[in-house]
Amino acid sequence: MSVYSPEMMSVLEQFLNIGIALSAEKDFNRLLEMILTEARRITNADAGTLYFAEGEQLAFKIIHNETLGVFQGGRGEVVSLPPVPMRETHVCAWSSIHRKIANIADVYDSDQFDFSGPRRYDELTGYRTKSMLVIPLENYDSEIIGVLQLINARDGQKVVPFAPHLVKIISSLASQAAVSITNMRYVDEINNLFDSFVQAMATAVDARTPYNANHSHSMAVLAERLARYLHRLETGPFAYECFDQNRIDQLVMAAWLHDIGKVAIPLEVMDKHTRLGKRLELVLQRLDYIAVVASGRDAQLETDALQARELIIKADSPSTFVDPPLAAALRELAARTYSTPRGEQLPWLTPEELGCLTIARG
């Protein structure tokens, strides 16, 4: 038989479900929103704030006030309130500095901290801040990463102090929240490090040759634009395609990496601005040799070698479209042979040279 009341069992069940949800959540902004929302729901708090420790101050991240209809920071937008300095007179700073919980029944009756800020807020908005619970967020590295502040616990329409048994539950929730936030930060740091490494590698590949320039970066930008465009389509063959942020990130990463193999390609290949590149000089010297040897002995062979020279220069240019007749003429040259001083029979064009010269475009 359970020693807990049905109400307490319900709260414990909520707490367990929240723990599972915190572990499963992958979106950082939704995680922060969930932490504050669930802490308010368990304690039936009217308002609350989630702070992050940033140097010597606490920065506002999420703000809820149900009575005033204020819900800020949940979509990652910056909360335009000045940060809280790390001074012990401020209850949230004190909680962070001393790693202690502050449970105050009525801030107007307390002289332990400086509550001039909440009182000014009340004067401006007509709100009445009363009970307050402040809990530091400490992760498994014993680091205080922030503070959870809850305001005005309610029992029906009446504002009451935060119950001690709920304080223990919220403390456990704060511990789980701190761990989840830290883990997600670590994952983000790893992802950012990986992204930076990939971009550095792609930039290094692009820098190897002027023909690449900012090619990888441009491809990544265009890939993201294309994905977002396709996601917005409502008609046509691509209307069914859905690109959430995760899929977009994968596509952009693929665009950054699509030329990574060029890191191992020799520069003489990367920088070859014609079909033969540096090998053109060798081919022309070969034809000049054939013409010189034939000079005075075989006028037709000499003429053929000189005409072949012009044909090679034309075919080597990237502006030339190698159509079937030109390709056939090149194959005829490759089929011819000449004799070296050692008596070897070699082709006018090697198979590799013929392959380069008969590329139709580029």
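Quick summary incoming for the structure in this document.

### Here we look at the pairing of strand S1 (residues 45-53)
Buried residues dominate S1, accounting for eight of its nine residues. Where S1 lies against strand S7 (residues 144-155), seven bridges are found, and the strand directions are antiparallel. The partner of glycine 48 across the bridge, within S7, is leucine 150. One ladder, built from seven bridges, connects S1 with strand S2 (residues 57-65); its direction is antiparallel. When the bridges of S2 are listed, alanine 47 appears paired with asparagine 65. Counted along the chain from S1 to the antiparallel partner S2, the turn is three residues long, and its residue glycine 55 has a positive phi close to 70°.

### Some points on helix H11 (residues 324-335)
Over its 12 residues, H11 runs 16 Å from end to end, which matches the ideal 16 Å to within 8%, given 1.5 Å per residue. Here H11 has its buried residues at Leu326, Ala327, Leu330, Leu333 and Ala334. Down the axis of H11, the smallest arc covering the buried residues is 115°, so these residues share one side. The exposed residues of H11 that point more than 90 degrees off its buried face are Pro324, Pro325, Glu332 and Ala335. On its buried side, H11 packs onto helix H10 (299-316), strand S10 (345-347) and helix H12 (351-357). Two or three places before leucine 326, at the start of H11, stands the capping residue aspartate 323, its side-chain oxygen 3.0 Å from that residue's backbone nitrogen.

Rules used in this analysis
Residues numbered from 1 in each chain as written. Predicted model: local features only at pLDDT ≥ 70, side-chain atom pairs only at ≥ 80, totals over all residues. Heavy atoms only, no water. Buried < 20%, exposed > 50% of the residue type's maximum accessible area, 1.4 Å probe, protein only. Helix = DSSP H or I, 4+ residues; strand = E, 2+ residues; numbered from the N terminus. Pairing = 2+ DSSP bridges. Expected span 1.5 Å × (residues − 1). Arc of directions from axis to C-beta. Contact = heavy atoms within 4.5 Å. Polar contact = N/O pair within 3.5 Å; in protein donor to acceptor, adjacent residues only side chain to side chain.

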